[in-house]
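Fold and geometry: a report
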Amino acid sequence: MPKQKILIIEDDPPLLELYSGMIMNGGYQPLRAANAAMAIEILKQHTPQLIIEDLSLPDMNGLQLV
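These lines cover the structure that appears in this document, whether it is placed above or below. Note that the structure is a prediction, hence the values are computed from the model and not measured.

Look at helix H1 (residues 13-25): 18 Å from first C-alpha to last across 13 residues, which is about the 18 Å you get at 1.5 Å a residue. Taken residue by residue, H1 has Leu-16, Ser-20 and Ile-23 as its buried positions. Looking straight down H1, one finds that the buried residues subtend no more than 65° of arc, so they occupy a single side. Structural note: H1 exposes Pro-14, Met-22 and Asn-25 on the side pointing more than 90 degrees away from its buried face.

So, in structure tokens, the structure goes:
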């Protein structure tokens, strides 16, 4: 059975790495985006089971992305 996917949208690289590691250790597949534009491209190809999103992104407010 394939691992369930979790999309992480975070513009702070150390936090993005931390969250990704925690998600991998939990047995899930992290999908990582550093900004809203990257997240939109990922969502065109994948359907994650959960999205963890930073609300203060540089290119778009996190609430606007939703």
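The biggest cluster of nonpolar side chains holds 9 residues, and these are Leu-7, Ile-9, Leu-31, Ala-33, Ala-36, Ala-39, Ile-42, Leu-57 and Leu-65. Only strand S1 (5-9), strand S2 (29-33) and helix H2 (36-45) provide two or more residues apiece to this core. For this core, the element with the most residues is H2, which contributes 3 residues.

Read across the sheet, 3 strands follow the order S2-S1-S3 without closing on themselves; strand pairing throughout is parallel. The strands lining the two open edges of the sheet, one partner per strand, are S2 and strand S3 (50-53). When the angles between neighbouring strand axes are averaged without regard to direction, this sheet yields 20°. Direction of pairing for S1 relative to S3: parallel, over a ladder of 4 bridges. Along S3, the bridge assignment pairs Leu-7 with Ile-51. Along the sheet face, H2 touches S1, S2 and S3 and points at about 135° away from the line of S2.

The rules behind each value
Residues numbered from 1 in each chain as written. Predicted model: local features only at pLDDT ≥ 70, side-chain atom pairs only at ≥ 80, totals over all residues. Heavy atoms only, no water. Helix = DSSP H or I, 4+ residues; strand = E, 2+ residues; numbered from the N terminus. Expected span 1.5 Å × (residues − 1). Buried < 20%, exposed > 50% of the residue type's maximum accessible area, 1.4 Å probe, protein only. Arc of directions from axis to C-beta. Core = buried A, V, L, I, M, F, W, Y, C linked by side-chain atoms within 4.5 Å. Pairing = 2+ DSSP bridges. Axes fitted to C-alpha atoms, helices over the stretch in contact; angles between N-to-C directions. Contact = heavy atoms within 4.5 Å.

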